[in-house]
Amino acid sequence: MKKSILFDVLNVIDKANREKDYERITFEYSLLKRDTFLRYNNLFELAKEFDDSIAAVLYIPENDKNINRWTVLLTVFLDKAKEVNSFMDLIDSIETADKQEGAEPILRECLYSERKIIPEDLIPAMIQSRDMYVVKLLDDTALPQEVKYSLATLLFNYSEFVKTLVAYLNKIHDAVGALYDQYKDSYRYTSRILRNYLESNNIEKLLPPSMQEHLLDVGVTSTKYVVVLLLIRLEYTRIVYEERSALHISGLFYIQRMIHNNHFKIF
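Residues numbered from 1 in each chain as written. Predicted model: local features only at pLDDT ≥ 70, side-chain atom pairs only at ≥ 80, totals over all residues. Heavy atoms only, no water.

## Points about the pattern of salt bridges
Stage number 1. Tallied over the full model, the rule gives eight salt bridges.
Stage number 2. Residues K48 and E45 are paired through a salt bridge, measuring 3.7 Å at the closest nitrogen-oxygen approach.
Stage number 3. The class of K48 is partly exposed, set by a relative accessible area of 36%.
Stage number 4. Of the charged contacts, one joins R108 and E104 as a salt bridge, the two residues approaching to 2.6 Å between their closest N and O atoms. Of the two residues, R108 and E104 both sit in helix α6 (residues 99–110), four residues apart, roughly one turn of that helix.
Stage number 5. With relative accessibility at 23%, the residue R108 sits in the partly exposed group.
Stage number 6. Residues participating in the shared-partner salt-bridge network are E104, R108 and E120. (Salt bridge = Lys/Arg side-chain N within 4 Å of Asp/Glu carboxyl O. Buried < 20%, exposed > 50% of the residue type's maximum accessible area, 1.4 Å probe, protein only. Helix = DSSP H or I, 4+ residues; strand = E, 2+ residues; numbered from the N terminus.)

## Re the environment of A152
Stage number 1. By secondary structure assignment, the location of A152 is in helix α9 (residues 145–156).
Stage number 2. Sequence separation between A152 and V134 is 18 residues; the distance between their C-alpha atoms is 8.2 Å.
Stage number 3. Look past the residues within four positions of A152 in its chain and what remains in contact with it is L138 and N157. (Contact = heavy atoms within 4.5 Å.)

## What about the environment of A16?
Stage number 1. Take A16: it is sitting in helix α1 (residues 2–18).
Stage number 2. Residues contacting A16, with those up to four places away along its chain left out, are F44, A47 and K48.

## A word on the packing of aromatic side chains
Stage number 1. Here the structure, examined in full by the defined rule, presents one aromatic pair.
Stage number 2. Measuring from ring centre to ring centre gives 6.2 Å for F50 and Y168, while their planes differ by 75°; the resulting arrangement is edge-to-face. Taken together, the positions of F50 in the loop between α3 (34–47) and α4 (72–83) and Y168 in helix α10 (residues 158–182) put the pair 118 residues apart, joining distant regions of the chain.
Stage number 3. With relative accessibility at 5%, the residue Y168 sits in the buried group. (Phe/Tyr/Trp six-rings, centres within 6.5 Å; stacked < 30°, edge-to-face > 60°.)

## Quick word on α6
Stage number 1. For α6, built from twelve residues, the straight-helix expectation of 16 Å at 1.5 Å per residue is met to within 8% by its first-to-last C-alpha distance of 16 Å.
Stage number 2. Of all the residues in α6, the buried ones are G102, A103, E104, I106, L107, E109 and C110.
Stage number 3. On its buried face, α6 sits against α4, α7 (123–128), α9 and α10.
Stage number 4. Taking the backbone nitrogen of Q100 as reference, a side-chain oxygen 3.3 Å away marks D98 as the first, capping residue of α6. (Expected span 1.5 Å × (residues − 1). Polar contact = N/O pair within 3.5 Å; in protein donor to acceptor, adjacent residues only side chain to side chain.)

## What about the nonpolar core?
Stage number 1. I13, I106, L151, L165 and L169 are the most contacted members of the largest nonpolar core, which has 63 residues in total.
Stage number 2. When residues in this core are grouped by element, the largest group, eleven residues, is from α10.
Stage number 3. Apart from residues lying up to four places away in sequence, I106 is in contact with A56, V57, V72, V76, L151, L154 and F161. (Core = buried A, V, L, I, M, F, W, Y, C linked by side-chain atoms within 4.5 Å.)

## Observations concerning α1
Stage number 1. The terminal C-alpha atoms of α1, which comprises 17 residues, lie 24 Å apart, in line with the 24 Å expected from a rise of 1.5 Å per residue.
Stage number 2. Taking burial as the measure, the 17 residues of α1 include 14 buried ones, the bulk of the element.

## Focus: the packing of helix α5 (residues 87–96) against α10
Stage number 1. Viewed as axis vectors pointing N to C, α5 and α10 meet at an angle of 170°, and their least axial separation amounts to 10 Å. When the axis of α5 is compared with that of α10, the two are roughly antiparallel. On the side of α5, the interface is formed by F87, I91, I94 and E95, while α10 contributes Y158, V162, L165, V166, L169, N170 and H173.
Stage number 2. Per-class residue counts for the contact of α5 with α10 are eight nonpolar, two polar and one charged. (Axes fitted to C-alpha atoms, helices over the stretch in contact; angles between N-to-C directions. Parallel < 35°, antiparallel > 145°, perpendicular 65-115°, else oblique. Nonpolar A, V, L, I, M, F, W, Y, C, P; charged D, E, K, R; others polar.)

Structural data, given as structure tokens:
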């Protein structure tokens, strides 16, 4: 459950700052009771409230690299989240990282499409510099004004940037954790149902048909699947392919639908 909450904190923040289509959000939660939908909606609204000094991590870079249109937050911290065991482990890694280690990946993601103005090999020097010329470089980019301000904070007041980011992440973690506590019985019930299901069914059946066809077409026969249950993501599902493995992250409700059929239960 700690791992699920960790993923949910990152994913709720990411989606709250990506999703602008209210009708799509409403459709995703169409099977929820109204009071549950309102709690979910309040969670996303909470994630949209942040200080401009951390706008850089909530920025969605517009470049060919960011195919999935993720926020910088998810791009930078998703791999770290896979490695650690809980949200507090992630916070500890953020708080103990030195400025070079913590600032560089955020700068690289934000400045990816601005390499004509700020070459990538200049970034390490920018992090160490105290010269205000760095602000002039940022100002010459096409980045949104709040992102420029946030990157300036990252460079010239790194400790304050980290403090504000951690406070924001903790705020969302507390809200997500409260939701888990409220629906703990449902979470445990579905987890048990999934384990029972996998005792007599192949895990490949949990993959969407298009993914099953893809694996069949490429001839992958020894693929490893990791299923992570996430409470907040009603329809959330992502496949991440590596050389000979696939990370399958599915929402709790998505799995409930697949294994309950006509006996599917909702909050």
